[in-house]
Amino acid sequence: MKDKEQIEIVGDNHFSSSIETPLRPNAFDKSDDEKIQSIQHHFSKIMEELGLDLTDDSLSGTPYRFAKMYVKELFYGLNPKNKPKLSVFENKYEYKKMLIEQNITIDSSCEHHFLPIVGYAHVAYIPQKKVIGLSKINRLVDYYARRPQVQERLVLQILNDLQEALGTEDVIVSVTAKHLCVSSRGIKDQSSFTTTLEYGGSFSKTDIRNEFLKIIGQEKI
């Protein structure tokens, strides 16, 4: 167990040790309903420790609502059974230019404080033999966002899955997001945001990467 100072340091640095989300081997032995029941019990204890009166009509259902939200909504992306199928198709039109899906909503949570990460993702690829349904890109982004996350890991998870599905390294992923763990605690900076960028293949070339950045409205790098 880390001491309190080390815990704060890791949280402030948003340190991530792996591209894989840290999960226990038995993470999905329990059903969703069993998890909801357990979280409901424990969250009611947290509310009681805060001094809240759970007999109040407004608060009595909160532990259940909280538990259901965590399992079914905010963190549904933890369970591999919820991963969207990335349907790909033959590139019959032989389209070889950049294809960009912009302003995909990011609604995630920081794994160090469980506070919201909100923003947008921009994803592009240069088709080779395969193309992918546009909605599948949005669904993949949402799937990986809906788990306790580190933004650096998020872009890598999206990138790697798309590269594998499309059979090409020519993929780029940009995420720009606001972290409430920065704006509502600690430094309490209300205006800052974080941008992460990962890419491979042709996007390693400055001119192609800058074409993407120009289209999504970011400065050249």
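None of the values given here were measured: they were computed from a predicted structure.

Q: Would you mind showing me how to read the environment of Met98 here?
A: As for its position among the elements, Met98 is in the loop between strand 1 (88-90) and strand 2 (99-110). Between the C-alpha atoms of Met98 and Ile126, which are 28 residues apart in sequence, the distance is 4.7 Å. Met98 has contacts with Ala124, Tyr125, Ile126, Phe203, Ile208, Glu211 and Phe212, leaving out every residue within four places of it along the chain.

Q: Is there a simple way to explain the sheet that holds strand 2 in this structure?
A: Strand pairs in the sheet, formed through backbone hydrogen bonds, run parallel or antiparallel to each other. Ordered by their spatial adjacency, 5 strands build an open sheet running 5-2-3-6-7, and the pairing between neighbours is mixed. The open sheet has two edge strands with one neighbour each: strand 5 (148-149) and strand 7 (194-199). In this sheet, strand 5 lies alongside strand 2 in parallel orientation, the contact comprising 2 bridges. Paired with Ser109 across the two strands is Pro148, which belongs to strand 5. Packing against the sheet, helix 4 (residues 134-145) makes contact with strand 2, strand 3 (116-125) and strand 5, and its axis sits at approximately 20° to strand 2. Along the sheet, helix 7 (residues 206-215) contacts strand 2, strand 3, strand 6 (171-179) and strand 7; its crossing angle with strand 7, the most-contacted strand, is approximately 140°.

Q: Can you help me understand the pairing of strand 3 in this one?
A: For a regular strand, side-chain orientation follows a simple rule: the groups alternate between the two sheet faces. For strand 3, a buried count of 7 out of 10 residues is recorded, marking the element as mostly surrounded by other parts of the structure. Where strand 2 lies against strand 3, 9 bridges are found, and the strand directions are antiparallel. Residue Thr105 lies in a different strand from strand 3, and its bridge partner there is Tyr120. Pairing analysis gives 9 bridges linking strand 3 to strand 6, with the strands arranged antiparallel. Bridge assignment links Val118 to a residue of strand 6, and that residue is Lys178.

Q: Explain the pattern of salt bridges to me, please; I cannot follow it from the model alone.
A: Going through the model one piece at a time under the given rule, you end up with 6 salt bridges. The partner of Lys72 in a salt bridge is Asp32, with the nearest N and O atoms 3.4 Å apart. Taken together, the positions of Lys72 in helix 3 (residues 62-74) and Asp32 in helix 2 (residues 32-49) put the pair 40 residues apart, joining distant regions of the chain. Notably, a salt bridge pairs Glu48 with Lys45, separated by 3.8 Å at the nearest N-O pair.

Q: Which parts of the structure should I look at to understand the nonpolar core?
A: A general feature of soluble globular proteins is that nonpolar side chains tend to end up buried together. Ranked by size, the top nonpolar core spans 28 residues in total, and within it Val123, Ile158, Leu162, Val173 and Val175 carry the most contacts. Of all the secondary-structure elements, those providing two or more residues to this core are strand 2, strand 3, strand 4 (130-132), helix 4, helix 5 (151-166) and strand 6. It is helix 5 that contributes the most residues to this core, 7 residues altogether. Leaving out residues up to four positions away in the same chain, Val173 has contacts with His122, Val123, Val155, Ile158, Leu159, Thr196, Leu197 and Glu198. Formed by 10 residues, the second largest nonpolar core is a distinct cluster that contains Phe203, Ile208, Phe212 and Ile216.

Q: What exactly am I supposed to notice about unusual backbone geometry here?
A: What is expected of a backbone is that most residues other than glycine have negative phi and most peptide bonds are trans. One non-glycine residue, Glu94, lies in positive phi territory at about 55°. As for its position among the elements, Glu94 is in the loop between strand 1 and strand 2. Even without being a glycine, Asn103 presents a positive backbone phi close to 55°. With respect to the helices, strands and loops of the structure, Asn103 is situated in strand 2.

Q: Mind showing me how you'd approach the pairing of strand 6 here?
A: Taking burial as the measure, the 9 residues of strand 6 include 8 buried ones, the bulk of the element. Note: strand 6 against strand 7, 6 bridges, orientation antiparallel. The partner of Thr176 across the bridge, within strand 7, is Thr195.

The rules behind each value
Residues numbered from 1 in each chain as written. Predicted model: local features only at pLDDT ≥ 70, side-chain atom pairs only at ≥ 80, totals over all residues. Heavy atoms only, no water. Helix = DSSP H or I, 4+ residues; strand = E, 2+ residues; numbered from the N terminus. Contact = heavy atoms within 4.5 Å. Pairing = 2+ DSSP bridges. Axes fitted to C-alpha atoms, helices over the stretch in contact; angles between N-to-C directions. Buried < 20%, exposed > 50% of the residue type's maximum accessible area, 1.4 Å probe, protein only. Salt bridge = Lys/Arg side-chain N within 4 Å of Asp/Glu carboxyl O. Core = buried A, V, L, I, M, F, W, Y, C linked by side-chain atoms within 4.5 Å.

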